[in-house]
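Reading the structure
Next come the chains, spelled out residue by residue.
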Amino acid sequence: MKLKYLFITVVSMLVLASCGSGKHATGPSGYEVTNPNAPLAKKELRERFASLEGSYLDWQDVKVPVKLKLKSPKSFNVSGTMTMTRERSIYLSMRVFGIEVASMMVTTDSIYALYKMDKIYFAEDIAGFLGDVPATVGNLQDLLLGRVFQIRYSRPEVSHCSLAGTQGEWLITPSGAPRGITYEFAVQMPDNRVRTMSVNVPGRKPIVATYSDFENTEAGAVAGTTEIETSTSKTSLNAELEFNFNKAEWNTGGIKSWSTPRGYRRVTKAQVMKILNSLGKI
């Protein structure tokens, strides 16, 4: 039953993301900034942006072991594998004792999820799912990996971003978001890595992603741990992804496809949210 909670929570996060706080991460222990409150000049901010963007290398696909930890509304851990094809798809397979029990996939036109133990599945056209938010699969991949992105585009442009901050932390606020939506990235020094990404949508609870354990890979700098927090009016959601990039396979040409087995019952967004809200009462 706990695995079903995990499945519902992750699907719910996808539902809520189709709609995120000005919360910023605190500094990692063990480092010092001489004058963390000193404001940065425009030139310094642009140099830091160039350094950050330059740490991102191009990649085509990756298959990486992942541990998914559900912290709220219930506590449960499960291991699996995430396979991503750049700008095209994200496939998450969740396994217990080596047997796949649930899977999810995001493509350029659809979002799918499957829970084998109850023979239920979720499927939604991505246009209707995202509504007025023109995010891409590449944007979602960057969100998972702890990278700066700009909605609609594969790489951020400094000319399309507002930069501000201090020696200790600086902020990137991309332009061009749909009206009423704001999102920003908090970058901490001295490692110059994204520590939080926050999204605010009018009438919705914020979504906050917090990043840690950055590693240098064939694709450049990526977060080894990504924690995502949000909530409905009744239930808080908190899930953490731990990637094992030491065992990642990059640029092998691997591509995943989706098929729904016969005999499965389809669940809607409304049904998913109803189940989620009931979890907070259990």
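See the structure shown above.
Bear in mind the structure is a predicted one, so any value in this text is a computation, not a measurement.

1. Describing the overall build of the protein chain
The helix and strand tally for the protein chain stands at five helices and 15 strands. Looking at the protein chain residue by residue over its 282 residues, the buried ones come to 52%.

2. Points about helix α2 (residues 42–54)
Compared with the 18 Å implied by 1.5 Å per residue over 13 residues, the 18 Å span of α2 between its first and last C-alpha is a close match. If you check which residues of α2 are buried, you get L45, R48, F49 and L52. Down the axis, α2 shows its buried residues gathered within 105 degrees of arc, on one side only. Check the buried side of α2 and you find it contacts β7 (161–165), β8 (169–174), β9 (182–188) and β10 (193–200).

3. A short note on the pattern of salt bridges
Counted according to the given criterion, the structure contains eight salt bridges. Between D142 and R86 there is a salt bridge, with the nearest N and O atoms lying 3.3 Å from each other. With D142 in helix α4 (residues 137–145) and R86 in the loop between β2 (76–85) and β3 (89–96), the pair connects residues that are 56 residues apart, well separated along the chain. As far as the burial class goes, D142 and R86 line up, both buried. Residue R195 is joined to D191 by a salt bridge in which the shortest nitrogen-to-oxygen separation is 2.1 Å. The class of R195 is buried, set by a relative accessible area of 9%. Judged by its relative accessible area of 31%, D191 is partly exposed. Taken together, the shared-partner salt bridges connect E53, D58 and R155 into one network.

Criteria and thresholds
- Residues numbered from 1 in each chain as written.
- Predicted model: local features only at pLDDT ≥ 70, side-chain atom pairs only at ≥ 80, totals over all residues.
- Heavy atoms only, no water.
- Helix = DSSP H or I, 4+ residues; strand = E, 2+ residues; numbered from the N terminus.
- Buried < 20%, exposed > 50% of the residue type's maximum accessible area, 1.4 Å probe, protein only.
- Expected span 1.5 Å × (residues − 1).
- Arc of directions from axis to C-beta.
- Contact = heavy atoms within 4.5 Å.
- Salt bridge = Lys/Arg side-chain N within 4 Å of Asp/Glu carboxyl O.

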